[in-house]
Amino acid sequence: MTTVAMLLLAAGLLLLPPPRARRPARPEAPAPPGGPATVEDAAAALTLLAAVLRGGGGAVEGLEAVAAVDPGRAGRELAVVAAAQRWGEPHDRAWARVGPGWAPAAAAWHAAVTAGAPPASLVAAAADRMRVAESRRVEAAVHRAGVLLVLPLGLCFLPAFVATTVVPVVLLLLGGLG
């Protein structure tokens, strides 16, 4: 019996196709050129900016450094802010060029410049606030989706329940009366 099993195992191994070589994962393609940066990309860029600022980099130089290493939308938008500040625009107008998603960063930058404080901790706190706000928004959307799913389920299952449970009982009771 063991000889037969060994022959079947050997035949099975010979009939199996050879294993394929695993291809290395392709790197992610750069973000498409249109549209604003996502909240997660912006928060990651702000965290990186806070690290650059804590390391002793200047404000505009930090913006340019993060823009240089981030090939996505967030990097391009930080490059716009850096260029606007490099050309002498006030910081509030420079941050207004990149859209409302960067409002926490603009507020942190404004507070730091107004108070004369280093912006690193305020920028890092803005990144945290952006992440928390986005997670709350996603959580609310998930809860809303759960509520919206109840209506179609109710419309499908309630008639089926009535047709399979209530109607036969009513027909049985009516048949018993006659």
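Please read all numbers here as calculations on a predicted model, not as lab measurements. (Residues numbered from 1 in each chain as written. Predicted model: local features only at pLDDT ≥ 70, side-chain atom pairs only at ≥ 80, totals over all residues. Heavy atoms only, no water.)

### Quick word on the overall build of the protein
Logical step 1: A count of helices and strands for the protein gives seven helices and zero strands.
Logical step 2: Ordered by position in the sequence, the α and β elements of the protein form the string α-α-α-α-α-α-α.
Logical step 3: The buried share of the protein, reckoned over its 178 residues, is 22%.
Logical step 4: Residue pairs at least 24 apart in sequence account for 53% of intrachain contacts in the protein once pairs closer than 6 positions are excluded.
Logical step 5: When the accessible surface of the protein is summed, it comes to about 12600 Å², and 71% of that surface belongs to carbon and sulfur atoms. (Helix = DSSP H or I, 4+ residues; strand = E, 2+ residues; numbered from the N terminus. Buried < 20%, exposed > 50% of the residue type's maximum accessible area, 1.4 Å probe, protein only. Contact = heavy atoms within 4.5 Å. Areas by Shrake-Rupley, 256 points an atom, 1.4 Å probe, with all protein chains shown as cover.)

### Brief notes about the nonpolar core
Logical step 1: Grouped together as the largest cluster of nonpolar side chains are 28 residues, with contacts concentrated most on L46, L49, L63, L78, W95, W102 and W109.
Logical step 2: Listing elements by their share of this core, those giving two or more residues are α2 (39-54), α3 (59-69), α4 (73-86), α5 (91-96), α6 (103-115) and α7 (120-177).
Logical step 3: In terms of residue count, α2 provides more of this core than any other element does, seven residues in total.
Logical step 4: If we skip the residues at most four places from it in the chain, W95 touches L63, L78, V81, Q85, W102, A105, A106 and W109. (Core = buried A, V, L, I, M, F, W, Y, C linked by side-chain atoms within 4.5 Å.)

### Considerations on a nonpolar patch on the surface
Logical step 1: Residues L158, F161, V162, V166, V167, V170, L171, L174 and L177 make up a contiguous nonpolar surface patch of roughly 830 Å² in combined accessible area.
Logical step 2: Relative to the helices and strands, V162 is located in helix α7.
Logical step 3: Residue V162 is classed as partly exposed on the basis of its relative accessible area of 33%. (Patch = residues over 30% accessible without salt bridge, like charges linked within 9 Å, V, L, I, M, F, W, Y side chains within 5 Å. Salt bridge = Lys/Arg side-chain N within 4 Å of Asp/Glu carboxyl O.)

### Thoughts on the side chain of E77
Logical step 1: With respect to the element layout, E77 can be found in helix α4.
Logical step 2: Among buried Asp, Glu, Lys and Arg side chains, E77 stands out as unpaired, with R73 the closest opposite charge at 6.8 Å.
Logical step 3: Of note is the side chain of E77, whose polar atom sits 3.1 Å from the backbone nitrogen of A37.
Logical step 4: The residues touching E77, leaving out its near neighbours within four places in the chain, are G35, P36, A37, V98 and W102. (Lys, Arg positive; Asp, Glu negative; His and termini not counted. Polar contact = N/O pair within 3.5 Å; in protein donor to acceptor, adjacent residues only side chain to side chain.)

### A closer look at the packing of aromatic side chains
Logical step 1: Under the criterion given, the structure shown has two aromatic pairs.
Logical step 2: When the centroid spacing of 5.7 Å and the interplanar angle of 55 degrees are considered together, the rings of W95 and W109 count as tilted. Taken together, the residues W95 in helix α5 and W109 in helix α6 connect sequence positions 14 residues apart. Here W95 and W109 have matching classes, each one buried.
Logical step 3: Put simply, the rings of W95, W102 and W109 pair up and form one aromatic cluster. (Phe/Tyr/Trp six-rings, centres within 6.5 Å; stacked < 30°, edge-to-face > 60°.)

### A few points about the packing of α2 against α7
Logical step 1: Between α2 and α7, whose axes approach to 8 Å, the crossing angle comes to 165 degrees. In terms of axis orientation, α2 runs roughly antiparallel to α7. Helix-helix and strand crossings are classified by hand; for α2 and α7 the assignment is left-handed. Touching V39, E40, A42, A43, A44, L46, T47, L49, A50, L53 and R54 of α2 are A120, S121, V123, A124, A127, M130, R131 and E134, all from α7.
Logical step 2: A class-by-class count of the residues in the contact of α2 with α7 yields 13 nonpolar, two polar and four charged. (Axes fitted to C-alpha atoms, helices over the stretch in contact; angles between N-to-C directions. Parallel < 35°, antiparallel > 145°, perpendicular 65-115°, else oblique. Left-handed = near helix turned anticlockwise from the far one by under 90°. Nonpolar A, V, L, I, M, F, W, Y, C, P; charged D, E, K, R; others polar.)

### With respect to α3
Logical step 1: Taken together, the buried positions of α3 are occupied by V60, G62, L63, V66 and A67. Seen from one end, α3 has its buried residues packed into an arc of 160 degrees, which puts them on one side. Those residues of α3 that are exposed and aimed more than 90 degrees away from the buried face are A68 and V69.
Logical step 2: Buried residues in α3 make contact with α2, α4, α5 and α6. (Arc of directions from axis to C-beta.)

### Examining α6
Logical step 1: Its 13 residues give α6 an end-to-end C-alpha distance of 18 Å, which sits within 8% of 18 Å, the value for a rise of 1.5 Å per residue.
Logical step 2: When we look at burial in α6, the residues that qualify are A105, A108, W109 and A112. Down the axis of α6, the buried set is contained in an arc of 100 degrees. They therefore lie on one face. Set apart from the buried face of α6 by more than 90 degrees, the exposed residues are T114 and A115. (Expected span 1.5 Å × (residues − 1).)

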